[in-house]
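In case you want the letters, here they are:
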Amino acid sequence: MEKPKECFRTRVGGQALIEGIMMRGPEKICVAVRKPDGTIDLMMDQVKHHTWSKIPFLRGVLNMVENLVLGYRYLMHSADVSLEDEEEEEPSKLEQWLQDHLGDAFEKALMGAASVLGVVLALVLFMALPAFCVKTLGRFVPLAGPVKALLEGVVKIAIFVIYLYLCTRMKELHRVFEYHGAEHKTIACYEARLELTVENVRKQIRFHPRCGTSFMILVLLVSIFVNAFLSWDNLALRVAGKLLLLPVVMGVSYELIMLAGRYDNSFTRAFSAPGLWMQRLTTFEPDDSMIEVAIAAVKPVLPEKPEEYTYDN
């Protein structure tokens, strides 16, 4: 009987989309989307290599910005492909007037406004609201600064968990989370050096330490320690201070994720555990058709030799 090959830790990663998956390798990015007719649409893109990707802490912040921009573009592409044959609803008179007079500028302005509102909502939910709750509690119960910072972190994590849980109740997002599971299981199959077949992928675990969910949990946890040094005297100044320190929090969190991807020991397992637990809300078991999409997305981006794209190279 042939001895099973030892697993390795690759840097190949991806993102779940609407009825699809994006996979990123050392040189190429592939976006695979299931079309309404059942076929799989593939879009290829080149990976841009930056000098700052080798600079610790700075790379975490800039990678986050780049991934948000690319992720948004691929998400919109997946929406267009997966819905291309569906009939659009008749626009209202106001929408038709705006489209006739403003054209593409209207759509861009609408998407820009939605993005701004999303950022504002995130700032309110995860920066202003937790601080307000804890400061209000401090008026009735004497609390030391470190205790306030800890409680603020607990409130942020609670909001995050509730937000994710509500997302799982939405049918469309639940399917995205199933594709998320397919992405993780396919990468796990590749790292196990198994042939990329639906049967082999189905057997893999759906949790992975290099997940965006794990990164977000680390951001929330690291922020507890970093923001503990900010004053509670003025709520507005505290929120402004947290905004200024956000790049530091993101940089540290990214380096921790990199460590979790490179090593498997008691230290990395300890700080990876909360993110892996949280993935129970952001990854679900995919069906075979979703696994097929994940395999189609990952195969074109894989290096000829797996060892060429590990954390040691």
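Scroll up a little and you will see the structure.
Bear in mind that the values here come from a model prediction, so they are computed numbers and not experimental data.

## Side note on the overall build of the protein
Along its length, the protein carries 10 helices and four strands. Helices and strands in the protein line up, N terminus first, as β-β-β-β-α-α-α-α-α-α-α-α-α-α. Residues counted as buried form 42% of the 313 residues belonging to the protein. Sequence separation of at least 24 residues holds for 70% of the intrachain contacts in the protein that already meet a minimum separation of 6. Of the accessible surface of the protein, which amounts to about 18000 Å², a share of 64% is contributed by carbon and sulfur atoms.

## Brief notes about the sheet that holds strand β3 (residues 28-34)
Read across the open sheet, the four strands follow the order β1-β2-β3-β4; overall the sheet is antiparallel. Pairing within the sheet leaves two strands with one partner each, and these edge strands are β1 (13-17) and β4 (40-46). The mean inter-strand angle of the sheet, taken between neighbouring strand axes irrespective of direction, is 15 degrees. Relative to β3, strand β2 (residues 20-24) runs antiparallel, the two being bridged by five bridges. If you follow Met-22 over to β3, its bridge partner there is Val-31. Each of β1, β2, β3 and β4 is contacted by helix α1 (residues 58-82), which is oriented at about 30 degrees to β3, the strand it contacts most.

## Here we look at the pairing of β4
A regular strand places its side chains so that they alternate between the two faces of the sheet. Where β3 meets β4, seven bridges bridge the pair, whose relative direction is antiparallel. Paired with Val-33 across the bridge in β4 is Asp-41. In textbook terms, the turn of a hairpin is the stretch between consecutive antiparallel strands, and for β3 and β4 this stretch comprises five residues, one of which, Gly-38, has a positive phi near 95 degrees.

## What about the pairing of β2?
Taken across its five residues, β2 has five buried, putting it largely inside the fold. Residues Gly-20, Met-22 and Arg-24 point to one face of β2 and Ile-21 and Met-23 to the other, with burial holding for every one of them. Bridge count between β1 and β2: five bridges; the pairing is antiparallel. Directly across from Gly-14, in β2, lies its bridge partner Met-23. Linking two consecutive strands that pair antiparallel, namely β1 and β2, is a turn of two residues; a positive phi of about 55 degrees is found at Glu-19 within it. Linking two consecutive strands that pair antiparallel, namely β2 and β3, is a turn of three residues.

## Here we look at unusual backbone geometry
Positive phi, normally seen in glycine, also occurs at Phe-57, with a value near 70 degrees. With respect to the helices and strands, the residue Phe-57 is situated in the loop between β4 and α1. Owing to a relative accessible area of 46%, Phe-57 belongs among the partly exposed residues under this scheme. Residues other than glycine seldom take positive phi values, yet Arg-193 does so here, at roughly 60 degrees. If you trace the backbone, Arg-193 turns up in the loop between α5 (171-191) and α6 (198-202).

## Focus: a nonpolar patch on the surface
Nonpolar side chains collect at one region of the surface, where Val-116, Val-120, Val-124, Leu-129 and Phe-132 lie side by side and expose about 410 Å² of accessible area between them. Locating Phe-132 in the fold gives a position in helix α3 (residues 104-138). Taking the relative accessible area as the measure of exposure, Phe-132 reaches 47% and is therefore partly exposed.

## Let's talk about the packing of helix α7 (residues 212-226) against helix α9 (residues 266-282)
Their axes nearest at 8 Å, the elements α7 and α9 cross at an angle of 125 degrees. One way to sum up the angle between α7 and α9 is to call them oblique. Two packed elements cross with a definite hand, and for α7 against α9 that hand is right-handed. Here Thr-213, Ser-214, Ile-217, Leu-218 and Leu-221 of α7 come into contact with α9, specifically with Phe-271, Pro-274, Gly-275, Leu-276, Met-278, Gln-279 and Thr-282.

## Quick notes on the nonpolar core
Counting 23 residues, the largest nonpolar core has Ile-21, Met-23, Tyr-179, Ala-182, Leu-196 and Val-298 as the members making the most contacts within it. Looking at this core, the elements with two or more residues in it are β2, β3, α5 and α10 (288-298). The leading source of residues in this core is α10, at seven residues. Residues contacting Tyr-179, with those up to four places away along its chain left out, are Ala-16, Leu-17, Glu-19, Gly-20, Ile-21, Arg-34, Met-290 and Val-293. Core analysis: the next-biggest nonpolar cluster, separate from the first, contains 14 residues, Val-61, Val-219, Val-226 and Ala-260 among them.

What counts and what doesn't
Residues numbered from 1 in each chain as written. Predicted model: local features only at pLDDT ≥ 70, side-chain atom pairs only at ≥ 80, totals over all residues. Heavy atoms only, no water. Helix = DSSP H or I, 4+ residues; strand = E, 2+ residues; numbered from the N terminus. Buried < 20%, exposed > 50% of the residue type's maximum accessible area, 1.4 Å probe, protein only. Contact = heavy atoms within 4.5 Å. Areas by Shrake-Rupley, 256 points an atom, 1.4 Å probe, with all protein chains shown as cover. Pairing = 2+ DSSP bridges. Axes fitted to C-alpha atoms, helices over the stretch in contact; angles between N-to-C directions. Patch = residues over 30% accessible without salt bridge, like charges linked within 9 Å, V, L, I, M, F, W, Y side chains within 5 Å. Salt bridge = Lys/Arg side-chain N within 4 Å of Asp/Glu carboxyl O. Parallel < 35°, antiparallel > 145°, perpendicular 65-115°, else oblique. Left-handed = near helix turned anticlockwise from the far one by under 90°. Core = buried A, V, L, I, M, F, W, Y, C linked by side-chain atoms within 4.5 Å.

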